[in-house]
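Inside the fold
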Amino acid sequence: AATPLDQIKAILNPGDRVVKDSSIVNQTDLVAKFKSGTLQHTVTTGLEIMRDTYANDGYTWFLSKDSKTSGAGEINFGSYQATARPASAVRQYNSKTESTGNGLAVYLNEQLDLSKEFKLVGGLRWDKFSAEQNQTNFVTNARAKQASTKFEKTAKMTSLRAGAIWQPSDSQ
């Protein structure tokens, strides 16, 4: 015979976390339009600056301050009712992750109108992106550092843009 569901219990996930995430981006363009003979020029130059930050503090719940048993209450599969976290339960710090990304880009693009229908575009863009991540794990139910890892990477890239546009009507 199968065990009745109301006799089956499971410990609720004893972990939680606090996350802080932010992004700041600024893109500034300078656009100049001018004619040289019958050709219309549109030149766009600009600067883009960005910063992303992320922090994640991880915690585990223990049944009491000195307990080595984690737990945040339990659930009964027969009734799907969760028991409350014990009043003696304490939250212990177990991990910290911090990440930062910084970006910088400068660019110059030109659109050359050969006629109302035909245009040429070209440009150059330079990007730099750097990222750093630090992660620290702590011994369970203690504040002693167990393991720490750090990652850093910087990438730089130059990209070109070239194309032709055929615009047979104003709506396209």
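Structure: see above.
Being a predicted model, the structure only gives us computed values, none of them experimental.

Below, the discussion takes up the overall build of the protein. Per the secondary structure count, the protein includes zero helices and eight strands. Listed N to C, the secondary structure of the protein is β-β-β-β-β-β-β-β in terms of helices and strands. Relative to its 172 residues, the protein shows a buried fraction of 23%. Contacts in the protein between residues far apart in sequence, at least 24 positions, make up 70% of those at least 6 positions apart. Taken as a whole, the protein presents about 12000 Å² of accessible surface, with 55% of it coming from carbon and sulfur.

This next bit is on the environment of Trp61. Here Trp61 is to be found in strand S3 (residues 39–62). Measuring from C-alpha to C-alpha, the distance between Trp61 and Ala89 comes to 6.4 Å, with 28 residues separating the pair along the chain.

Inspection of the entire model under this criterion finds two aromatic pairs. Residues Tyr59 and Tyr93 carry aromatic rings whose centres are separated by 5.4 Å and whose planes lie at 50° to one another, so their mutual orientation is tilted. Remark: Tyr93 occurs in strand S6 (residues 90–113) and Tyr59 occurs in strand S3; sequence separation between them is 34 residues. For the residue pair Tyr59 and Tyr93, the accessibility class agrees, reading buried in each case. Their ring planes at 35° and their centres at 5.1 Å tell us that Tyr93 and Phe138 sit as a pair that is tilted. Here Phe138 lies in strand S7 (residues 118–138) and Tyr93 lies in strand S6, a separation of 45 residues in the sequence.

This part is about the side chain of Lys119. When you line up the elements, Lys119 lands in strand S7. Of the side chains with opposite charge, Asp113 comes closest to the buried, unpaired Lys119, at an N-O distance of 4.5 Å. Setting aside anything within four residues of it in sequence, one finds Lys119 in contact with Gln111, Leu112, Asp113, Leu114, Gly163, Ala164, Ile165 and Gln167.

Considering the arrangement of structural elements, one finds Thr42 in strand S3. If near-sequence neighbours (up to four positions away) are discounted, Thr42 is found in contact with Val31, Ala32, Lys33, Asn109, Glu110 and Gln111.

With 22 bridges connecting them, strand S2 (residues 15–36) and S3 associate as antiparallel partners. Bridge pairing in S3 places Ser23 opposite Asp52. Hairpin remark: S2 followed by S3, antiparallel, with two residues in the connecting loop; positive phi at Gly37, about 70°.

Overall, the coordinates contain seven salt bridges when judged by the stated rule. Here Asp16 makes a salt bridge to Arg91, at a shortest N to O gap of 3.5 Å. Here Asp16 is found in strand S2, whereas its partner Arg91 is found in strand S6, with 75 residues between them in sequence. Judged by its relative accessible area of 26%, Asp16 is partly exposed. Between Glu48 and Arg125 there is a salt bridge, with its nearest N and O atoms 3.3 Å apart. You can see Glu48 sitting in strand S3 and its partner Arg125 sitting in strand S7, a full 77 residues away along the chain.

With that settled, consider the environment of Ala105. Among the secondary structure elements, Ala105 is positioned in strand S6. Excluding residues that lie within four positions of it along the chain, Ala105 makes contacts with Gly46, Leu47, Glu48, Arg125, Trp126 and Asp127.

Before going further, it helps to spend a moment on a nonpolar patch on the surface. A cluster of nonpolar side chains, namely Leu47, Ile49, Leu104 and Val106, defines an oily patch on the protein surface of about 290 Å² accessible area. For the nonpolar patch, the secondary structure elements donating two or more residues are S3 and S6. Tracing the sequence through the fold places Leu104 in strand S6. According to the relative accessible area criterion, Leu104 is partly exposed, its value standing at 35%.

Here is what the cut-offs are and how they apply
Residues numbered from 1 in each chain as written. Predicted model: local features only at pLDDT ≥ 70, side-chain atom pairs only at ≥ 80, totals over all residues. Heavy atoms only, no water. Helix = DSSP H or I, 4+ residues; strand = E, 2+ residues; numbered from the N terminus. Buried < 20%, exposed > 50% of the residue type's maximum accessible area, 1.4 Å probe, protein only. Contact = heavy atoms within 4.5 Å. Areas by Shrake-Rupley, 256 points an atom, 1.4 Å probe, with all protein chains shown as cover. Phe/Tyr/Trp six-rings, centres within 6.5 Å; stacked < 30°, edge-to-face > 60°. Lys, Arg positive; Asp, Glu negative; His and termini not counted. Salt bridge = Lys/Arg side-chain N within 4 Å of Asp/Glu carboxyl O. Pairing = 2+ DSSP bridges. Patch = residues over 30% accessible without salt bridge, like charges linked within 9 Å, V, L, I, M, F, W, Y side chains within 5 Å.

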